[in-house]
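The lines below spell out each chain.
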Amino acid sequence: MPGRTISFHPDDRYAAFLRTIPEAPCGDGRLAAVPVAVKDNISTAGIETTCASRILEGYVPPYDATVVERLKKAGAAIVGKTNMDEFGMGTTTENSAFWPTKNPVDPSRVPGGSSGGSAAAVAAGLVPLALGTDTGGSIRCPAAFCGIVGLKPTYGRVSRYGLIAYANSLEQIGPMARTVADVNLLMEVIAGHDPRDSTSRDCPYHHAPDPEIRGVRIGVPEEFFGEGVDPRVASVVWDAISLLERKGAEVITCRMPSMAYALAAYYVTCTSEASSNLARFDGVRYGPPADTKKPWHEAFQERRREGFGEEVRRRIMLGTFALSSGYYGKYYAKAQAARNNVRADFERLFREVDVLAGPTMPTVAFRFGEKSDPLSMYLSDILTVPANLAGVPAISVPCGKVEGLPVGLQVMGRWMEDERVVDVAYAFEQGGSA
Amino acid sequence: MTVIVGLEIHCQLDTATKLFCGCSTDYRDDPPNSHVCPVCLGLPGSLPKVNKKAVEYALKVAKALNCEVPEESEFSRKNYFYPDLDKGYQITQYDKPLAVCGYLDIEGDEGEKRVRITRVHMEEDPGRLVHKGGADRPKYTLVDYNRAGIPLIEIVTEPDLRSPKEARRFLNKLRATLEYLGVFDSEKEGSLRVDANISLAGSERVEVKNITSYKGVEKALTFEVTRQKNAIRRGQKIVRETRHFVEARGVTTSSRSKEMEQDYRYFPEPDLRPLRVRDWAEEIEIPELPDSRKQRFIDDYGLSPTHAATLTGDWQIAEFYDSLPADLKVSTATATWVADTLLGELNYRDMSIRGVPLDHFKELLIIRQSGDITEKAAVEVLRSLLDQIRESGTCELPRQCIGRLGLFAIAATEEGADDPVTAAAREAIAENPQAVADFGTGKKEALNFLVGQVMRKTRGCAKPGDVNRVLTRLLSGDE
Ligand SMILES: [Zn+2]
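Residues numbered from 1 in each chain as written. Chains lettered and ligands numbered in written order. Predicted model: local features only at pLDDT ≥ 70, side-chain atom pairs only at ≥ 80, totals over all residues. Heavy atoms only, no water.

Draft legend 1. Just the coordination of the zinc ion, in detail. Residues and elements named next belong to chain B. Protein-derived ligands of the zinc ion are C21 (SG), C23 (SG), C37 (SG) and C40 (SG), with the metal-ligand distances lying across 2.3 to 2.4 Å. For the zinc ion, the 4 donor atoms are set out with angles of 101 to 115° between them, so the coordination reads as tetrahedral. Within one chain, the residues serving as donors to the zinc ion are arranged as C-x1-C-x13-C-x2-C. Here C37 lies in the loop between β1 (3-12) and α1 (52-64) and C23 lies in the loop between β1 and α1, a separation of 14 residues in the sequence. Classification of C23 as buried rests on a relative accessible area of 10%. (Donors = N, O, S within 2.8 Å, 3.2 Å for Na, K, Ca; no water. Tetrahedral: all angles 85-135°; square planar, octahedral: opposite > 155°, others 65-115°. Helix = DSSP H or I, 4+ residues; strand = E, 2+ residues; numbered from the N terminus. Buried < 20%, exposed > 50% of the residue type's maximum accessible area, 1.4 Å probe, protein only.)

Quick look at the structure:
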């Protein structure tokens, strides 16, 4: 059967894509001939996959990630690979080794990260659907900054096979789109058990979004409106929560004390895992080769020094330190204990409420270069990392604007209750007319 | 000076597929990098999936070594850079091994001995480096990942061994145990690697790495004992170090590289869930092991403990012996033949019981038992068959061989004067009048001499009983 293709020649003025496929193969199915953008840390057979890193330049995977297989089976056309912070390490997509992506809402601002390319491609209308990945907010942050919808599924609900690992125990691939219904559709296609991923769960996702919200108990942790959260953002999000209350939801304020340690637990865990995951990039198998005239240890160190960007090198060093003997107990082990506290907090709260809601990001999209020191950048992840630490589902849905810039409402749910966070987001999206 | 030895043994588990992917483990005769996939190449994004068979095999080992199996066991990452390590870490086990606190009883230097097993854990084999252009200063190095991901078990003993010989005996017993379990093939090249810790009481401990054969363990340790004793005698201090065994020269050499304390930064493997192993282990059944088989050979076949130990010390030999006809198995002569003659001849040729057609030897034993050939001829046939196998890999059928060599037993008829035995006896009598005379004066040795002469004339094919009978008859003047 001669393959069908669709032509894809976007006006990529925001530099959302690292590469596009001008004639993209497609097929029959639920996503027949629908163009889908794929973040560049998801393996695509025959299409260069770099994680926006120099060290993977020229690497063409010989296999498809499970989610890509599923997209193809549904007939979708993979039309391009989207820009990102190198290996997912960042909140602005400025850490791409190639170029920054601009926010289509305001090109002087970042699109958020690390799935900034996917968010910008969707927000600019170049594709209706995109895949992102979320390790500590990397789907929800750019969704919020660009004014689109993004879902971080429950850990284990979507296969990670083929996702080039940054922090294995935290990250999930998830759908990004302009509407909740489209996010739901893409989720239906990519979710489901995969025997190749031992952390994947046998819990398929078949769901029709339901806007009925009467009786749903929404918890609002005080910590989500604490210090560092722009009061204008807080106000827009409170308005959104009030709308849900008017539609019949019960709003209950609550506390999440483990938030105090969440960011530290997150950064110790993700950098530790990253330091190990990225060890394979030594110039022997992919990317520009190491200098074979030099002794092995000199050659691979040089390759890594040159091939990784600054933020990646910083996180590798942090993680190497956290795992080193004598410090493991002080850092890695402590981080896991803190992570258990976060999980316990969620479990406790979810006995009293059905979902938790708050802002996705403490602020609106930054200007380029606005966050120059890494620590203040890390602080902006504070509201998104708890869901990753606990492995629970979380969605960001546009809920208003501050000075013309989008604000995201974040809804977090119980483990494996992705359907419910989608429903709450859907109810909000349907508006206050009910 | 007391010698204190502890061993760390790595064995490849004989599964059909690798530990974390579906690639075949049967790579030895195939081109480099032909048994690889995204998982065992460590390609970005690939994920490991535990081979249940490998865990089952490892649990069998844990049970056979009388270990405690915890509720849960976990894989960890061992991080270090080396070109044969395609992920930059090895998936192994660290603080939650598969099994701990076991033991294996062996025949020690001073009788029965219990060697404690510290732990048994699973890990993946790394790839292999092939240095081209001289071992010391290679021009370049090639990497072959066919071996990457082969399941290994690491078995660690307490420092309970007291001599190189005991270490060797422990390894032999361990090998037999693993082969009885059907989880290990000792014949496969590189399937066993041993690191040995050795110290003389009161001195520092030295680690000897890179021992890849059973004999090598005894050799390396013997060398170390001598080296360390000499050093102490000369008043030198033994330094704590890692040494490498150079099999070809039978010596250990100090590692040239600086002794850096490697920090492997172990942490739990986030891509795999913990294994619930205790319940799993309880469901697994293990077959008869060397000790119980030895007892059965003593009880059921009436063998001596020595014969029983030899015949059960190797799974293939034990299987061979068990497969013999019932009337043969209970005979000491059969046990002697298999344990001493067959194994002795194999040993002499440095051949293994593998790869020899055991059915042939079973047939030879049956022919020998029937009296169609003499004991002496049977040995000659055995030697011929083994030489053929060594030359060409195959051999004749035993009957063909006997026929070709003309070794079928010559029968002496009761009264016949012209059978070959009687003819040979007449010749011997005629040629040796002195012996005949000595026999007449009652010298028993004279008869033995004449028997020898007849045997030589019949090229060993006459049955000793016949020769005795015919000679006695002729000499006593019945004719
Ligand atoms: Zn493989």
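And the narrative resumes.
Draft legend 2. Molecular detail of the sheet that holds strand β14 (residues 267-268) of chain B. Taken in spatial order, the 3 strands line up as β4-β3-β14 (chain B) in an open sheet, and their pairing is antiparallel. Two strands in the sheet have a free side with no partner beyond their single neighbour: β4 (89-92) and β14 of chain B. Sheet topology note: the strand β3 (residues 76-79) of chain B/β14 of chain B ladder contains 2 bridges and is antiparallel. Each residue of the ladder has a partner; that of R77 of chain B, found in β14 of chain B, is F267 of chain B. Contacts from helix α6 (residues 259-277) of chain A reach β3, β4 and β14 of chain B, with the element oriented near 60° to β3 of chain B. (Pairing = 2+ DSSP bridges. Contact = heavy atoms within 4.5 Å. Axes fitted to C-alpha atoms, helices over the stretch in contact; angles between N-to-C directions.)

Draft legend 3. Main features of the nonpolar core. Counting 186 residues, the largest nonpolar core has L71, F87 and L409 of chain A together with L7 and F170 of chain B as the members making the most contacts within it. Contact partners of F170 of chain B, with chain neighbours within four places excluded, come to L7, I9, L104, I106, V115, I117, T157 and L161 of chain B. In this structure, Y301, F320, L364 and L385 of chain B belong to the second largest nonpolar core, which totals 39 residues. (Core = buried A, V, L, I, M, F, W, Y, C linked by side-chain atoms within 4.5 Å.)

Draft legend 4. Representation of the domain arrangement of chain B within the structure. As assigned here, chain B comprises domain 1 (3-283), domain 2 (290-405) and domain 3 (420-475). Taking only C-alpha atoms into account, the centre of domain 1 of chain B sits 62 Å from that of domain 3 of chain B. (Domains from an automatic or database assignment.)

Draft legend 5. Region of interest: α6 of chain A. For α6 of chain A, which comprises 19 residues, the first-to-last C-alpha distance of 27 Å matches the rise-based estimate of 27 Å (1.5 Å per residue) to within 8%. Of all 19 residues in α6 of chain A, 16 are buried, a share of seventy percent or more. (Expected span 1.5 Å × (residues − 1).)

Draft legend 6. Structural detail: the pairing of strand β9 (residues 151-157) of chain B. Residues and elements named next belong to chain B. Within β9, 7 of the 7 residues are buried, leaving the element largely enclosed by the surrounding structure. Here β9 shows no split at all, with P151, I153, I155 and T157 on one side and L152, E154 and V156 on the other all buried. Both β1 and β9 contribute to a ladder of 5 bridges, which runs antiparallel. Its bridge partner lying in β9, H10 is registered against E154.

Draft legend 7. View of the packing of helix α1 (residues 66-73) of chain A against helix α4 (residues 180-190) of chain A. Residue and element names in this part refer to chain A. Where α1 meets α4, the closest approach of the two axes is 8 Å, and the angle between their N-to-C directions is 110°. The angle between the axes of α1 and α4 places the two elements in the roughly perpendicular class. Residues V67, R70 and L71 of α1 form the contact with α4, whose participating residues are L186, V189 and I190. Across the contact of α1 with α4, the residue classes break down as 5 nonpolar, no polar and 1 charged. (Parallel < 35°, antiparallel > 145°, perpendicular 65-115°, else oblique. Nonpolar A, V, L, I, M, F, W, Y, C, P; charged D, E, K, R; others polar.)

Draft legend 8. Expanded view of the pattern of salt bridges. If you walk through the whole model with that rule in mind, you get 73 salt bridges over all chains. For D418 of chain A, the salt bridge identified is with R157 of chain A, shortest N-O distance 2.8 Å. Here D418 of chain A is found in helix α12 (residues 418-429), whereas its partner R157 of chain A is found in the loop between β7 (149-152) and β8 (172-177), with 261 residues between them in sequence. Comparing D418 of chain A with R157 of chain A, the two get one shared label, buried. Through salt bridges with shared partners, a single network forms among R160 and D197 of chain A together with R77, E269 and D271 of chain B. (Salt bridge = Lys/Arg side-chain N within 4 Å of Asp/Glu carboxyl O.)

Draft legend 9. How the structure looks around the packing of aromatic side chains. This model, assessed by the stated rule, comprises 26 aromatic pairs over all chains. Each ring, one from F297 of chain B and one from Y301 of chain B, has its centre 5.0 Å from the other, and the planes form 45°; the classification is tilted. Residue F297 of chain B and its partner Y301 of chain B are both found in helix α5 (residues 290-301); the two are separated by 4 residues, about one turn of the helix. Assessed through its relative accessible area of 0%, F297 of chain B is described here as buried. Exposure remark for Y301 of chain B: the relative accessible area of 10% places this residue in the buried category. Cluster of aromatic residues (ring-pair linked, three or more members): Y59, F87, F281, Y286 and F308 of chain A. Taking the ring centre of Y89 of chain B as reference, the NZ or CZ of R77 of chain B above it sits at 3.9 Å. (Phe/Tyr/Trp six-rings, centres within 6.5 Å; stacked < 30°, edge-to-face > 60°. Lys NZ or Arg CZ within 6 Å of the ring centre and 35° of its normal.)

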